[in-house]
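Listed here are the chains, written in short residue letters.
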Amino acid sequence: MTRQRSYYRPEGIPPNGVFLCTEAVRADTEYLPHRHEWGQLLYVVSGVVVLRLAQERFWAPTHFAIWLPQGIKHACYNQRQATIRTINFDTRWYAELPETPCLLEVGPLFKAIQDDLFARDVLIPHDKPDLRLCRVLCDQMTVAPRQRNYLPGTDDRLLAPVLHALEQCPADNRTLAQWATEVYSTERTLSRRCQALLGMSFSEWRQRLRYLQALALLRQGMSVQSVALEVGYSSSSAFIAMFRQQSGSTPEGYRTRP
């Protein structure tokens, strides 16, 4: 059963203009639509987070972050457990950040600073050294590589049925040519639409989908070989190569990471 939760905002953003939060989100938890009076960076410590903004879903896997400017209405649904941290800024802090939501691929310096702040339980920084660290966090967000969405979607009449079917069964290994037959099209047409509407090839989109599914299964304690088979790989070695390409880590390394 899905747990529906409302977001209860703090009494007000602190005078210094920044505060931090952390939360372990249980599986099948939905946050109802809401807005913030501040900009929010939502960083995924483990698992996968899915936000809905208007008609678009924003997917963010482990160690990516979603930037939400002030006033953007959004909701969140997590099918599986995830741990998230948020860094919240008033408008004084983020003049150089995008005015629209996006995915940020934050770097090692950002991760080290926010790890330090949360390890010391600095949720509302007061002293000058910690406020300077928060300023560096904001600077790192400004220079981080940006993506529109990790796993983009589309309502295109040809592509949408294919993507929906794969979300239901990531292990489906049908080729693009076989999918084209299913939707009464051609492989060339679907390939062009993937690049135009998703910004990537069909194989890259499917690989990202499988990576997202694998993150959740690994956290559940499944063996690497079982996860590989579950998401459509015939061998552990091929799955490990994909996982390393997407995350820079091995599946075992990810599972044992705190």
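As a reminder, the structure under discussion sits directly above these lines.
Read on for an overview of the structure.

### A look at the side chain of R208
Relative to the helices and strands, R208 resides in helix α6 (residues 202-219). With sequence-adjacent residues up to four places away left out, R208 is seen in contact with Q147, N149, Y150, L151, M200 and Q246.

### Thoughts on the sheet that holds strand β7 (residues 65-68)
Reading across the sheet, the 6 strands line up as β2-β9-β4-β7-β10-β11 and stay open at both edges, with antiparallel pairing between neighbours. Whereas interior strands pair on both sides, the edge strands pair on one side only; in this sheet they are β2 (18-25) and β11 (146-147). Note that strand β4 (residues 39-46) and strand β9 (residues 82-89) share 7 bridges and pair antiparallel. Across the sheet, Y43 pairs through a bridge with R85, a residue of β9. The sheet contacts of helix α1 (residues 108-119) involve β2, β4 and β9, and relative to β9 the element is tilted by about 95°.

### Details of the environment of L209
Considering the arrangement of structural elements, one finds L209 in helix α6. When its relative accessible area of 4% is taken as the criterion, L209 is described as buried. Other than its neighbours up to four places away in sequence, L209 contacts L151, L166, E167 and P170.

### Overview of the packing of aromatic side chains
For the coordinates displayed, the defined rule picks out 10 aromatic pairs. On the basis of an interplanar angle of 50° and a centroid distance of 5.9 Å, the ring pair of Y43 and F110 is categorised as tilted. In this pair, Y43 is assigned in strand β4 and F110 in helix α1, connecting sequence segments 67 residues apart. For F110, a relative accessible area of 0% corresponds to the buried category. Centroid distance Y233 to F239: 5.9 Å. Interplanar angle 55°. Geometry classified as tilted. Taking the relative accessible area as the measure of exposure, F239 reaches 0% and is therefore buried. Put simply, the rings of F64, Y150, Y211, Y233, F239, F243 and Y254 touch in pairs and so form one group of aromatic residues. Sitting above the plane of the Y150 ring, R208 keeps its charged end 4.7 Å from the centroid. Sitting over the ring of Y233, R210 keeps its end group 5.3 Å from the ring centre.

Criteria and thresholds
Residues numbered from 1 in each chain as written. Predicted model: local features only at pLDDT ≥ 70, side-chain atom pairs only at ≥ 80, totals over all residues. Heavy atoms only, no water. Helix = DSSP H or I, 4+ residues; strand = E, 2+ residues; numbered from the N terminus. Contact = heavy atoms within 4.5 Å. Pairing = 2+ DSSP bridges. Axes fitted to C-alpha atoms, helices over the stretch in contact; angles between N-to-C directions. Buried < 20%, exposed > 50% of the residue type's maximum accessible area, 1.4 Å probe, protein only. Phe/Tyr/Trp six-rings, centres within 6.5 Å; stacked < 30°, edge-to-face > 60°. Lys NZ or Arg CZ within 6 Å of the ring centre and 35° of its normal.

Keep in mind that these numbers describe shape and distance, not what the molecule does.
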